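# Geometric and topological summary
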Amino acid sequence: MHRLPDPSAVESFVLPAALRSKARPSQASPRAVAASAAKAQSGIKAEHWLQLLGGQAVADSEMRALTELVRLRPVVAAESVFRSQTRADHVIAVLDGVVGLGSIGPQGQFHLERSAHGPAWLDISSAWVGQGHTQDAQAMGPALLLELPVKSLRPLLHRYPDLQDRFMLALAQTVQSLTGATHDLMAKDAQKRLISWLLQRMAAPAGEVALRERKRELAAQLAITPETLSRLLRQLMAAGLIEVKGYSIKLLKLADLRALAQA
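For the structure given in this document, a descriptive report is provided here. (Residues numbered from 1 in each chain as written. Predicted model: local features only at pLDDT ≥ 70, side-chain atom pairs only at ≥ 80, totals over all residues. Heavy atoms only, no water.)

### With respect to the overall build of the chain
The cut-off we apply is this: For the purposes of this entry, the term helix denotes a DSSP run of H or I that reaches at least four residues, the term strand denotes a run of E that reaches at least two, and both are numbered from the N terminus. Type-normalised accessible area, obtained with a 1.4 Å probe on protein chains alone, sets the label of each residue: buried when under 20%, exposed when over 50%, and partly exposed for intermediate values. Contacts are assigned to residue pairs with any non-hydrogen atoms lying within 4.5 Å of each other. Shrake-Rupley sampling with a 1.4 Å probe provides the accessible areas, and residues are treated as covered by the protein chains on show and by no other component.
Broken down by element type, the chain carries 10 helices and 11 strands. Buried residues in the chain amount to 46% of all 263 residues. Once local pairs closer than 6 in sequence are excluded, the contacts in the chain between residues at least 24 apart make up 74%. Only carbon and sulfur atoms are counted for the fraction: they give 53% of the accessible area of the chain, which is about 13,500 Å².

### Things to note about the packing of helix H4 (residues 60–69) against helix H5 (residues 150–159)
Applied cut-off: In this analysis an axis means a line fitted to C-alpha atoms, helices contributing only their contacting stretch, and an angle means the value between N-to-C directions, from 0 to 180 degrees. Geometric relationships in this document are graded by angle, where less than 35 degrees denotes roughly parallel, more than 145 denotes roughly antiparallel, 65 to 115 denotes roughly perpendicular, and other angles denote oblique. Should the near helix be turned anticlockwise from the far one by less than a right angle, the crossing is termed left-handed; should it be turned clockwise, right-handed.
Between H4 and H5, the shortest axis-to-axis distance is 10 Å and the interhelical angle comes to 165 degrees. The pairing of H4 with H5 is recorded here as roughly antiparallel in orientation. Note on packing geometry: the crossing formed by H4 with H5 is right-handed. Note on element contacts: H5 touches H4 through Ser152, Leu153 and Leu156, opposite Ala65, Leu66 and Leu69.

### What about helix H6 (residues 161–187)?
Note on helix geometry: an α-helix contains 3.6 residues per turn, so any two residues three or four positions apart are oriented the same way. Which entries qualify depends on this criterion: The span one expects for a helix is its residue count, reduced by one, times 1.5 Å.
End to end, H6 covers 39 Å across 27 residues, agreeing with the expected 39 Å (1.5 Å per residue, within 8%). Of the residues making up H6, those classed as buried are Leu163, Arg166, Phe167, Ala170 and Asp184. Against helix H3 (46–52), H4, strand S6 (120–123), strand S8 (143–149), H5 and helix H7 (190–200) lie the buried residues of H6.

### Quick notes on the environment of Ser125
For Ser125, the location among the structural elements is in the loop between S6 and strand S7 (136–139). When the C-alpha atoms of Ser125 and Ala88 are compared, they prove to be 9.1 Å apart, with 37 residues separating the residues in sequence.

### Brief notes about the side chain of Lys192
Put simply, the rule reads: Residues scored as positive are Lys and Arg, those scored as negative are Asp and Glu, and His as well as the terminal groups of each chain are ignored. Salt-bridge detection follows one rule: a side-chain nitrogen of Lys or Arg within 4 Å of a carboxyl oxygen of Asp or Glu.
Here Lys192 is to be found in helix H7. Buried Lys192, no salt bridge; nearest opposite-charge side chain is Asp189, N-O distance 4.8 Å. Not counting residues within four places of it along the chain, the set of residues in contact with Lys192 comprises Leu260, Ala261 and Ala263.

### Looking at the pairing of strand S5 (residues 110–117)
Applied cut-off: The rule for pairing is simple: two strands pair if DSSP sees at least two bridges between them.
Sheet analysis places strand S4 (residues 98–104) next to S5, joined by seven bridges and oriented antiparallel. Opposite Val98, over in S5, you have His117 as the bridge partner. Remark: five residues form the turn of the hairpin made by S4 and S5, two consecutive strands paired antiparallel; Gly108 in that turn has positive phi of roughly 85 degrees.

### Brief notes about the side chain of His133
This is how it is decided: By the criterion applied in these results, polar contacts are pairs of N or O atoms within 3.5 Å in which, for protein atoms, one can donate a hydrogen and the other can accept it, and in which residues neighboring in sequence qualify only through two side-chain atoms.
Relative to the helices and strands, His133 is located in the loop between S6 and S7. Residue classification places His133 among the buried positions, given a relative accessible area of 4%. Engagement of the side chain of His133 in a polar contact is seen with the side chain of Asp123, the distance being 2.7 Å. Aside from chain neighbours lying at most four places away, what touches His133 is Phe82, Arg83, Ser84, Gln85, Thr86, Ala88, Ile92, Asp123 and Ser126.

### Description of the sheet that holds strand S1 (residues 71–75)
Pairing between the strands of a sheet is mediated by backbone hydrogen bonds and can be parallel or antiparallel. Taken in spatial order, the four strands of this open sheet run S1-S8-S3-S6, and their pairing is antiparallel. One side of each edge strand has no neighbouring strand; the edge strands of this open sheet are S1 and S6. Pairs of neighbouring strands in the sheet enclose a mean axial angle of 30 degrees, with direction left out of account. Bridge analysis of S1 against S8 gives five bridges, and the strand direction is antiparallel. Paired with Leu72 across the bridge in S8 is Leu146.

This is the structure:
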């Protein structure tokens, strides 16, 4: 099995600026997001529904019916999307941009636990059971939200059984993803969690992982500090297992990485 070098031997490694910096390529301005929202009111792209509803194509009639129910809401950086325990009556997705999920502390500071890059669901479950949101959500930058009122969505799903199946698939995929993430946090150490994350997001056959998250966002998802993330990446680079190229990471020795993840 491939062994990583001792941490003390790689502390002098300097990560590329793409990984060191907290800044990402510039996001759209709030004005641009608002303009996008106004334009999108006439209809959301079919590929958005495709990604939100389990990867299955939505019929034109279903898409038109859904679009009639949609409310699009632009938000700016650090704006609250929803608060935990507040009653949920909409299923909510981020259409464009990034929204963080976590908790807001007593002093108003936001503790990030994971991030959602649009198109992705933020909360597809709470409104169905008539309960409050389980987390706080806050925009990480300008973003565009999609909201569907459950009260109006229920009869629509009865009218379109195929659409109901797609929502069930999207819900099942969300549960499966969160269950897998919880298992990794409980059963794997930080190194294994990082390697598993890289392997899951690897684009085949090139073996590259596109970095969409800021360093602190990725660290929060893995339940480690940004400093620990930097150290683990340096170890993997020093061992010749990965190569950082701009905003992507190339996985060089897949067999060794998989062995480490399962060790």
